[in-house]
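Commentary on secondary and tertiary structure
So the chains spell out like this:
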Amino acid sequence: MLHWIVCPTREAQAKACAAVLAAQVLQKPDSVLGLATGSTPLAIYREMIALQNEGVVNFSNVRTFNLDEYIGLSHDHPQSYRSFMETNLFVELGLRSEQTHVPDGMAEDLSAECAAYEQAIEQAGGIDLQLLGIGHDGHIAFNEPAEAFTRTVFVATLTAATISANQRFFARPEDVPRTALSMGVGSIMRANRILLSAFGRDKAEIVRDAFTGPVTPQISASILQFHPDCTIVLDEEAASAL
Ligand code: PGA
């Protein structure tokens, strides 16, 4: 079931997403939150930090699981998703490393790491609320266009388009990792609630195709049409092709 929220501006869109996360944590302070990296969550994380600093909500008892991590980057590498989360959210919210989970892209046995990450989510009781962005090709986490939906955490190969989109964070194109550990579509669908955030004119067509078109692994976000509780928060630009 899709719930739509369309906000007049990008700023309001980020505030609305932070409000959904805050409401979840006000009702269940030790919520398990699924978190994301990229440009989309940045303003949301700033708003969450502001809400905590204003005393509206206390995020310090949550547990978190990130969607993905590059293979071959250590957690202290500046472009690792662990570093992104520490810098943009975890330190400011006062979250200790044992509360927060990001797959280990340096694991020697990658398939064991995939299984352990999936199991850790289950042992935490599952994800209460999963924050997602959407890629221009409709990917959620690193679920690129494919012949079938992935079930569990897996080793993902990035497409040329995603490598090129992610180049902006690296000094040289050849520095962008080609593979990542990623939650599968099944891992994401097992979250109790989903919050998908998108803003900007460049996301308008994929938002339309993913959520009003056929459900297909060629657009992995489209499966959220079958999720029982998925809230899509857009600014007017991202909603402009609906
Ligand atoms: P972005 O990425 O937030 O940097 O646009 C979205 C995604 O790839 O999920």
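Coordinates for the structure precede this section.
Here we summarise the structure given alongside this text. (Residues numbered from 1 in each chain as written. Predicted model: local features only at pLDDT ≥ 70, side-chain atom pairs only at ≥ 80, totals over all residues. Heavy atoms only, no water.)

**Focus on helix H1 (residues 10-27)**
Under the convention used in this document: In this description a helix means any DSSP run of H or I spanning at least four residues, a strand means any run of E spanning at least two, and both kinds are numbered starting from the N terminus. Residue count minus one, scaled by 1.5 Å, sets the expected span of a helix. Buried, partly exposed and exposed residues are distinguished by accessible area as a fraction of the type maximum, computed with a 1.4 Å probe on protein chains only: under 20%, between the cut-offs, and over 50%, respectively. Only heavy atoms enter the contact rule, under which two residues are in contact if any of them lie within 4.5 Å.
Spanning 18 residues, H1 covers 26 Å between terminal C-alpha atoms, matching the ideal 26 Å at 1.5 Å per step. By the burial criterion, the buried members of H1 are Gln13, Ala14, Ala16, Cys17, Ala18, Val20, Leu21, Ala22, Gln24 and Val25. Those residues of H1 hidden inside the fold are in contact with strand E1 (2-7), strand E2 (32-35), helix H2 (40-53), strand E6 (129-132), strand E9 (193-198) and strand E10 (230-235).

**Concerning the sheet that holds E1**
Our working rule: If DSSP finds at least two bridges between two strands, the strands pair.
The sheet built from seven strands is open, its strands ordered E1-E10-E9-E6-E2-E3-E5 with parallel pairing. Two strands close off the open sheet at either side, each with one partner strand: E1 and strand E5 (100-101). Where E6 and E9 come together, four bridges link them in parallel fashion. Residue pairing across strands places Leu132 opposite Leu196, the latter belonging to E9.

**Things to note about the site of the ligand**
Our working rule: In these notes, residues near a molecule or strand are those with any non-hydrogen atom within 4 Å of it. Any pair of nitrogen or oxygen atoms within 3.5 Å is treated as a polar contact; in protein, a donor-acceptor pairing is required on top of that, and neighbouring residues in sequence qualify only through side-chain atoms on both sides. Areas reported as accessible are Shrake-Rupley estimates using a 1.4 Å probe. Residue values count occlusion only from the protein chains shown. Polar here means any residue outside two lists: the nonpolar Ala, Val, Leu, Ile, Met, Phe, Trp, Tyr, Cys and Pro, and the charged Asp, Glu, Lys and Arg; Gly therefore counts as polar.
If you check the shell around the ligand, you find Gly38, Ser39, Thr40, Gly133, Ile134, Gly135, His139, Arg168 and Lys203 and nothing else. Within the backbone of Ser39, an N or O atom sits 3.0 Å from an oxygen atom of the ligand. Contacts to the ligand include Thr40, whose side-chain N or O atom sits 2.4 Å from an oxygen atom. In the complex, 77% of the free accessible area of the ligand, which totals 280 Å², lies under the protein chains. Partitioned by chemical class, the residues of the shell around the ligand number one nonpolar, six polar and two charged.

**Regarding the pattern of salt bridges**
The following threshold applies: Salt bridge, as applied in this entry: a Lys or Arg side-chain nitrogen positioned within 4 Å of an Asp or Glu carboxyl oxygen.
The full count for this structure, using the stated rule, is 10 salt bridges. One salt bridge in this structure joins Glu98 and Arg96, with 3.1 Å as the shortest N-O distance. Judged by relative accessible area, which is 48%, Arg96 ranks as partly exposed. In this structure, Asp175 engages Arg172 in a salt bridge whose closest nitrogen and oxygen atoms are separated by 2.8 Å.

**Details of the nonpolar core**
Note the following rule: Only buried residues count toward a nonpolar core, which is a set of Ala, Val, Leu, Ile, Met, Phe, Trp, Tyr and Cys residues joined through side-chain atoms within 4.5 Å.
In this structure, Met183, Ile188, Phe211 and Leu224 are the most contacted members of the largest nonpolar core, which totals 34 residues. Those elements that place two or more of their residues in this core are helix H4 (110-123), E9, helix H7 (204-212) and E10. Looking at this core element by element, the count peaks at four residues for H7. Apart from residues no more than four positions distant in its own chain, Phe211 is found in contact with Leu2, Trp4, Ile134, Leu196, Ala221, Leu224, Gln225 and Ile232. Within the second largest apolar cluster, 29 residues are counted, among which are Leu51, Val57, Phe90 and Leu195.

In short, shape yes, function no, at least from these values alone.
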